[in-house]
2 protein chains.
Amino acid sequence: MIIAVDAEGGDYAPHEVVKGAIKAAQEHEVEIALVGRRDILHVLAGKHLDKLGMTIVDANEVIGFHEHAVEAVTCKPQSSIVIGTNLVKEGSAAAFISAGNTGAVFYAAISILGRLNGIERPAIGTLLGLSSNGQTLFIDSGANTDCRPIHLVHFARLGNVYAREILGIASPRIGLLNNGAEPGKGNRLARESYDLLKQTDLNFIGNVEGHDFVRDRADVIVTDGFTGNIILKTIEGLGDNWLNSLTQVGQVFSKAYRLSRQALHRDMGIDSWAKKLDYKESGGATLLGVNGNIIIAHGRSQAKAIMNAIGMAKRTAEKELCQKIKEEQYEQANGDK
Amino acid sequence: MIIAVDAEGGDYAPHEVVKGAIKAAQEHEVEIALVGRRDILHVLAGKHLDKLGMTIVDANEVIGFHEHAVEAVTCKPQSSIVIGTNLVKEGSAAAFISAGNTGAVFYAAISILGRLNGIERPAIGTLLGLSSNGQTLFIDSGANTDCRPIHLVHFARLGNVYAREILGIASPRIGLLNNGAEPGKGNRLARESYDLLKQTDLNFIGNVEGHDFVRDRADVIVTDGFTGNIILKTIEGLGDNWLNSLTQVGQVFSKAYRLSRQALHRDMGIDSWAKKLDYKESGGATLLGVNGNIIIAHGRSQAKAIMNAIGMAKRTAEKELCQKIKEEQYEQANGDK
């Protein structure tokens, strides 16, 4: 199985991306196609190429973080994002992962791979591990800022397939993110989405609230991409802040009590918090509803995050998630819903 | 100065409310009017009444947490929330604080005190202390689920007066919560609000993102009440979770190294984190835009939180926040804006 990796995407590209790809090739038993500028990648990965079955696919344009997505994808056909997505389209790669400009990855996926039948708005699903008992897919965590109720129903369906196929949950609990638990709560979008979700055959458990992210209430939490993006960045900001504080406390303690940093981090639970909160540990988000496997890694991904994202890409491809999403029945938009 | 306190509001009423009120009377030099069932309050506060200049105002109905706000306020004229709000209306109290049903407190304030001239939608402003350098007023943190752009401009004005008068910031930095920093980002509400905010004389610094809650980027962060409520509860949920973990780690360490719990909490920064994250430490939120000083305390408030909320009520009344809000000029709604 070949996984295409955007070697030019993210704050630490290409060095950390290549390091992560090498690790993944060693640990996950996948063949990697590094997409980027051949000369540089040859220098960075050269000695590993043959041994690990890695290849380089030349892409001599780079799309920056602040470029306008549609314009960049249209005007830079030789960019790593466009070429990587095309590898999936042609069937040369089973999946593409990128830590680059999210908007550009999203637009390239939609325009090159296309939407799956019945899905108006592909969405980003992010796996959160904040509750003690399991993982929650949070969808849409940033792709669609203005949504209609039918879109949220589709997000719920996409999340349902994901939780069933990837997390192995027979009947995933679907919650609607809202500003109160009772039916009837919410802004217009949430209220109307609630009514539509009630009519589906999904295991819809009703509204969930902000504090439910840390409780084991739902396997899939559905919201619009505006709210989703803000929530995700809030969680990330608080997480960074806490980890910094914990690390500082750890330093004070390890000096005072002559403990090794490792033992201390373990005893203080820093490791388990880091796993929960640190984007460096995260495997990235999955773009759901397009005709191909696309994984969006965090822009600040270092080697470990890239390796984890490649692992997630492999799992997604092995489970034939895309095919399973195709087989689902989607509600049709009805009037202005 | 008399502060009216809803002795029947919140999970720990009336015991903790009365304890908090007694502490506040001792520490903040305010006269407290306890609003609730006279017999019970007499038993709880009896010996302190004369000494601390506390009084009891009889209210023999209680509005529960799950009651419908409008119905409850209309059908229970003898409830502590209605009677407490009336004390402010008549001028018998300088402010009213309640940890009871937020919707009911909000509706009682609007229907009894009325909106201030020019403000279509009063809003809830919550003071967050997540950044290391200061406090941020987060508005609207839950009152208005469906908003139009003009409402967000009014929230910005309300927050501006609050930050100037209560936080003492000459020219408060106003940020719009959005899913990206660049102009043009956001859902329709955010984009149109951005354009309107740009035209004001406020110190509008543009869009802020979820991770900016922990950075010292803005003194006032403006959003609609749907997003605001979800964000606030997410922060609260993570905070609870985090404090629990820290406390557990603290227990392990204090046993292992025979440290006093106090010293350990101080060394590990648990105290300062608790101050940032714990609703028990928080002084509650302020209802801005109604004709009177109303403080909404957290439903789970215990004595300390009630005491702090009373302190906040006193400060708000002393600074004549309501009068200052009246003097501000408000943009008029224009067409469907």
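Anything mentioned here points back to the structure above.
Account for the overall build of chain A, with residues named and values stated.
Scanning chain A from terminus to terminus reveals twelve helices and eleven strands. For chain A, the C-alpha radius of gyration of 20 Å lies close to 20 Å, the compact-globule estimate for 337 residues. With respect to the principal axes defined by its C-alpha atoms, chain A has extents near 60 × 55 × 35 Å. The 337 residues of chain A split such that 60% are buried.

Could you give me a rundown of the side chain of Ser141(A), with the residues and numbers involved?
All names here are of chain A. Summarising the element assignment, Ser141 is placed in the loop between β6 (136-139) and α6 (149-165). With a relative accessible area of 6%, Ser141 lands in the buried category. Of note is the side chain of Ser141, whose polar atom sits 2.6 Å from the side chain of Thr126. What Ser141 contacts, discounting residues up to four positions off in sequence, is Ile124, Gly125, Thr126, Gly225, Gly228, Asn229 and Leu232.

Kindly report on the sheet that holds strand β4 (residues 95-98) of chain B, identifying the contributing residues and their values.
Residues and elements named next belong to chain B. Pairing is mixed in the open sheet, where eleven strands are placed in the order β3-β2-β1-β4-β11-β10-β5-β6-β9-β7-β8. What marks the edges here is a single partner per strand, and that holds for β3 (55-58) and β8 (204-208). Taking the axes of each pair of neighbouring strands and ignoring which way they run, one obtains an average angle of 25° across the sheet. Bridge count between strand β6 (residues 136-139) and strand β9 (residues 220-222): three bridges; the pairing is parallel. Paired with Phe138 across the two strands is Ile221, which belongs to β9. Seen against the sheet, helix α4 (residues 80-90) touches β1 (2-6), β2 (31-36), β3, β4 and β11 (294-296) and runs at an angle of roughly 160° to β4. Across the sheet, helix α6 (residues 149-165) is in contact with β5 (123-128), β6, β7 (174-177), β9 and β10 (285-288); its angle to β9 comes to roughly 165°.

Quick one: what's the story with the interface of chain A and chain B, residue by residue and with numbers?
In this assembly, 42 residues from chain A lie in contact with 43 residues from chain B. Taken together, the two surfaces of chain A and chain B that pack against each other cover about 3900 Å², and 67% of this comes from carbon and sulfur. Taken together, the connections running from chain A to chain B amount to four salt bridges. A salt bridge links Glu209(A) to Lys233(B); the nearest nitrogen and oxygen atoms lie 2.3 Å apart. Between the two partners, chain A and chain B, sit ten residue pairs in polar contact (both at pLDDT 80 or more). For the side of chain A that touches chain B, the secondary structure elements donating two or more residues are α7 (188-198), α8 (225-257), α9 (261-267) and α10 (270-277) of chain A. By residue number, the principal contributor to the side of chain A that touches chain B is α8(A), which donates 17 residues. Considered class by class, the residues forming the side of chain A that touches chain B number 20 nonpolar, 15 polar and seven charged.

Account for the pattern of salt bridges, naming residues and giving values.
Between side chains of opposite charge, pairing is possible as soon as their charged atoms come close. Overall, the coordinates contain 40 salt bridges over all chains when judged by the stated rule. Across the pair Arg300(A) and Asp240(A) runs a salt bridge, and its minimum N-O distance is 3.2 Å. Of this pair, Arg300(A) sits in the loop between β11 (294-296) and α11 (303-318) while Asp240(A) sits in helix α8, placing them 60 residues apart in sequence. Note that Arg173(B) and Asp219(B) form a salt bridge whose closest N and O atoms lie 2.9 Å from each other. With Arg173(B) in the loop between α6 and β7 and Asp219(B) in the loop between β8 and β9, the pair connects residues that are 46 residues apart, well separated along the chain. Overall, Asp219(B) belongs to the buried group, its relative accessible area being 7%.

Just give me the short version of the relation of the copies chain A and chain B, but keep the residues and values in it.
For the pair chain A and chain B, the superposition axis carries a translation of 0.0 Å, the fit reaches an RMSD of 0.0 Å, and the rotation angle comes to 180°. The operation mapping one copy onto its partner corresponds to a two-fold rotation axis. Both copies present the same face, since 100% of the interface residues in chain A are matched by interface residues at the equivalent positions in chain B.

So what's going on with the packing of aromatic side chains? Residues and values would help.
Geometry of an aromatic ring pair is reported as the spacing of the ring centres plus the angle between the planes. Residues and elements named next belong to chain A. Inspection of the entire model under this criterion finds five aromatic pairs over all chains. Seen in terms of ring centroids, Phe138 and Phe213 are 5.1 Å apart; in terms of plane orientation they differ by 90°. Their pairing is edge-to-face. Of this pair, Phe138 sits in strand β6 while Phe213 sits in the loop between β8 (204-208) and β9 (220-222), placing them 75 residues apart in sequence. Phe213 shares its class with Phe138; the two are buried.

Account for the nonpolar core, with residues named and values stated.
In this structure, Ile32(A), Leu34(A), Ile310(A), Ile32(B), Leu34(B) and Ile310(B) are the most contacted members of the largest nonpolar core, which totals 156 residues. Those residues in contact with Leu34(B) that sit more than four places away from it in its chain are Val5(B), Ala7(B), Val18(B), Ala21(B), Leu41(B), Ala45(B), Met54(B), Thr55(B), Ile56(B) and Val57(B).

Please set out α4(B) residue by residue, giving values where relevant.
Residue and element names in this part refer to chain B. The element α4 is extensively covered by neighbouring structure, given that eight of its eleven residues are classed as buried. For α4, the set of buried residues is Ser80, Ile81, Val82, Ile83, Gly84, Thr85, Leu87 and Val88. Backbone geometry just downstream of α4 places Gly91 in the positive-phi region, at approximately 85°.

Any chance you could break down the sheet that holds strand β7 (residues 174-177) of chain A for me, citing the residues and the numbers?
Residues and elements named next belong to chain A. With mixed pairing, eleven strands are arranged side by side in an open sheet as β3-β2-β1-β4-β11-β10-β5-β6-β9-β7-β8. Taken across any chain shown, the strands that pair with only one partner, and hence form the sheet edges, are β3 (55-58) and β8. Adjacent strand axes in the sheet meet at a mean angle of 25°, parallel and antiparallel pairs treated alike. Sitting on the sheet, helix α4 (residues 80-90) is in contact with β1 (2-6), β2 (31-36), β3 and β4 (95-98), with an inclination near 160° to β4. α7 rests against β7 and β8 of the sheet, and its axis sits at about 165° to β8.

What counts as what
Residues numbered from 1 in each chain as written. Chains lettered and ligands numbered in written order. Predicted model: local features only at pLDDT ≥ 70, side-chain atom pairs only at ≥ 80, totals over all residues. Heavy atoms only, no water. Helix = DSSP H or I, 4+ residues; strand = E, 2+ residues; numbered from the N terminus. Rg over C-alpha atoms; globule rule 2.2 N^0.38 Å. Buried < 20%, exposed > 50% of the residue type's maximum accessible area, 1.4 Å probe, protein only. Polar contact = N/O pair within 3.5 Å; in protein donor to acceptor, adjacent residues only side chain to side chain. Contact = heavy atoms within 4.5 Å. Pairing = 2+ DSSP bridges. Axes fitted to C-alpha atoms, helices over the stretch in contact; angles between N-to-C directions. Buried area = accessible area lost by both parts, 1.4 Å probe. Salt bridge = Lys/Arg side-chain N within 4 Å of Asp/Glu carboxyl O. Nonpolar A, V, L, I, M, F, W, Y, C, P; charged D, E, K, R; others polar. Least-squares fit on C-alpha atoms with pLDDT ≥ 70 in both. Phe/Tyr/Trp six-rings, centres within 6.5 Å; stacked < 30°, edge-to-face > 60°. Core = buried A, V, L, I, M, F, W, Y, C linked by side-chain atoms within 4.5 Å.

Keep in mind these values describe shape, not function.
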